[in-house]
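Here's the letter readout for the chains.
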Amino acid sequence: MNRQLKNKLFTYATWIAVILSTTILFFLFGVILWNGLPAIDFNFLSQASSNFGASSGIIYQIAGSVLIVLFSAIICLPVAIGTAIFKSEYVISKKLHAIINTLIYSLNGIPSVIFGIFGLILFVNILGMGISWIVGSIILAMMILPTVTLSTYHSINSIPTVYRESSLALGLTKWQVIRKVLLPQGFSGAVTGLLIDVARAIGETAPIMFIATAFSGVAFPNSFSEPVSTLPTHILALAQQATNPDALQNAWGSSLVLVTLVVLFSISALCFRLKHQTISKR
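Predicted model, so just to flag it, every value in this text is computed and none were measured.

(A) A look at the overall build of the chain. When you go through the chain residue by residue, the secondary structure sums to 10 helices and two strands. Along the longest, intermediate and shortest principal axes, the C-alpha atoms of the chain span 70 × 60 × 35 Å. For the chain, the proportion of its 282 residues judged to be buried stands at 38%. Of the side-chain charges in the chain, 15 are positive and 7 negative, and the distance between the mean point of each set is 23 Å.

Take a look at the structure:
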């Protein structure tokens, strides 16, 4: 088999893989859209749920999901940026670099349910913080920390060395170089990684099911120590009432809203990245 034929076969195989994965993706979106769209109206998006979620709307579920991921992003971002700067600018030893990389990748590979059990044991049982949305935000922040850290690190590390050298030659201190040169250039990578991981975190159920959420009977929290209701746990509760047509219809509608939020966060990450690239090229 000559090289030209191998290249053609590889090209065809790549196109087949792309078409197959795209078809599956659009099929899933189509099914959710077809089944969920009839449930969507103003009342569904603006009213509180009743009858264990089988009736009325999902306003508190939407608010709870957004609240948890918003605070997880606030908690995660400064820690991720600090870790990335330390790894990029202060760690010289290759051995220490390897240890840090191992820890980051290991944390990224932990199953989400393990984070939930850890939060239940440490924050709920040992520290006595109870089932609250802030505990869920802390656990989700721990989950998304590795990806945001790596995204920020690669963004900072891709800045040409001449930027650092020129800044130091002008008399700037190391902290001034980090604050005025590296952070502005690397911030886009941090935000992009954060938005992508927030899109992932908003659909998580296992990490927050036993530490931050209640399946019904809760409104918007008035303090840090109260639970919330989220879209994933709401869908899980409705799925257990599959014999009830109204509950099943609301489950499809909630799924469509959740997928829409995920898509919005993903598109926001893409737009932010493209905007920053356009500004950088000017």
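Having seen it, we continue.
(B) Region of the structure containing the packing of helix H3 (residues 59-90) against helix H9 (residues 231-239). Orientation of H3 relative to H9, taken along the N-to-C sense of each, is 135°, at an axis distance of 8 Å. Overall, the two elements H3 and H9 adopt an arrangement that is oblique. The segment H3 lies against H9, with Gln61, Ile62 and Ser65 engaging Leu231, Pro232 and His234. Across the contact of H3 with H9, the residue classes break down as three nonpolar, three polar and no charged.

(C) Region of interest: the pattern of salt bridges. By the definition in use, this model includes two salt bridges. When the shortest N-O distance is used, the salt bridge between Arg164 and Glu89 registers 3.0 Å. Taken as a pair, Arg164 in helix H7 (residues 161-169) and Glu89 in helix H3 lie far apart in primary sequence, 75 residues in all. Among the residues examined, Arg164 registers a relative accessible area of 13% and is labelled buried.

(D) Seen up close, the packing of aromatic side chains. For the structure shown, the criterion picks out four aromatic pairs. Ring centres 4.8 Å apart and planes at 70° place the aromatic pair Phe71 and Trp133 in the edge-to-face group. One end of the pair, Phe71, is in helix H3; the other, Trp133, is in helix H6 (residues 133-157), with 62 residues separating them in the sequence. The buried category is assigned to Trp133, whose relative accessible area is 5%.

(E) Looking closely at the nonpolar core. One finds Ile68, Cys76, Leu140, Leu182, Leu194 and Leu231 to be the most contacted residues of the largest nonpolar core, which totals 47 residues. Put simply, the parts of the chain that give this core at least two residues each are H3, helix H5 (112-126), H6, helix H8 (174-201), H9 and helix H10 (245-281). Of all the elements, H6 adds the most residues to this core, at 12 residues. Contacts of Leu194, omitting those with residues within four sequence positions, involve Ala73, Leu77, Ile144 and Val148.

(F) Inspection of empty space enclosed by the protein at higher detail. In total, this model carries one cavity of 30 Å³ or more according to the counting rule given. Taken as a whole, the largest cavity encloses approximately 40 Å³ of empty space. In this structure, the largest cavity is lined by Ser65, Ile68, Val69, Leu140, Ala201, Ile202, Glu204, Ile208, Thr230 and Pro232. Taken together, the residues of the lining of the largest cavity sort by class into seven nonpolar, two polar and one charged.

(G) Structural view of the packing of H5 against H6. Where H5 meets H6, the axes come as close as 10 Å, and the angle between the chain directions of the two elements is 135°. By the criterion of interaxial angle, the relationship of H5 to H6 is oblique. The element H5 and its partner H6 pack so that their crossing is right-handed. Residues Ser112, Phe115, Gly116, Phe118, Gly119 and Phe123 of H5 lie in contact with H6, whose contacting residues are Val135, Ile138, Ile139, Met142 and Met143. Of the residues contributing to the contact of H5 with H6, the split by class is eight nonpolar, three polar and no charged.

(H) Geometry of H5. Taking 1.5 Å per residue as the helical rise, H5 with its 15 residues ought to reach 21 Å, and the 20 Å between its terminal C-alpha atoms agrees with that figure. Its axis deflected by about 25° at Gly119, H5 carries its strongest bend there. Every buried residue of H5 is accounted for by Phe115, Gly116, Gly119, Phe123 and Val124. Where the residues of H5 are buried, they touch helix H4 (94-108) and H6. Among the residues trailing H5, Gly128 stands out with phi positive, at a value near 70°.

(I) Quick peek at the side chain of Ser65. Following the sequence through the fold, Ser65 ends up in helix H3. According to the relative accessible area criterion, Ser65 is buried, its value standing at 2%.

(J) Structural context of a nonpolar patch on the surface. Residues Ile110, Val113, Ile114, Ile117, Ile121, Ile126, Leu127 and Met129 make up a contiguous nonpolar surface patch of roughly 680 Å² in combined accessible area. With respect to the helices and strands, the residue Leu127 is situated in the loop between H5 and H6.

(K) Seen up close, H6. Taking 1.5 Å per residue, 25 residues should reach 36 Å; H6 reaches 35 Å between its end C-alpha atoms and fits that length. The principal kink in H6, of about 45°, is found at Ile144, preceding the proline Pro146 by one to four residues. H6 sits mainly inside the fold: 19 of its 25 residues count as buried.

What counts and how
- Residues numbered from 1 in each chain as written.
- Predicted model: local features only at pLDDT ≥ 70, side-chain atom pairs only at ≥ 80, totals over all residues.
- Heavy atoms only, no water.
- Helix = DSSP H or I, 4+ residues; strand = E, 2+ residues; numbered from the N terminus.
- Buried < 20%, exposed > 50% of the residue type's maximum accessible area, 1.4 Å probe, protein only.
- Lys, Arg positive; Asp, Glu negative; His and termini not counted.
- Charge placed at Lys NZ, Arg CZ, Asp CG, Glu CD.
- Axes fitted to C-alpha atoms, helices over the stretch in contact; angles between N-to-C directions.
- Parallel < 35°, antiparallel > 145°, perpendicular 65-115°, else oblique.
- Contact = heavy atoms within 4.5 Å.
- Nonpolar A, V, L, I, M, F, W, Y, C, P; charged D, E, K, R; others polar.
- Salt bridge = Lys/Arg side-chain N within 4 Å of Asp/Glu carboxyl O.
- Phe/Tyr/Trp six-rings, centres within 6.5 Å; stacked < 30°, edge-to-face > 60°.
- Core = buried A, V, L, I, M, F, W, Y, C linked by side-chain atoms within 4.5 Å.
- 1 Å grid on protein atoms, 1.4 Å probe; cavity = no way out; pocket = protein on both sides within 12 Å on 5 of 7 lines; lining within 4 Å.
- Points joined across faces, edges and corners; volume = space filled by probe spheres on them.
- Left-handed = near helix turned anticlockwise from the far one by under 90°.
- Expected span 1.5 Å × (residues − 1).
- Bend = angle between axes of the 7 residues up to and from the residue.
- Patch = residues over 30% accessible without salt bridge, like charges linked within 9 Å, V, L, I, M, F, W, Y side chains within 5 Å.
- Areas by Shrake-Rupley, 256 points an atom, 1.4 Å probe, with all protein chains shown as cover.

The values are spatial; any link to function lies outside them.
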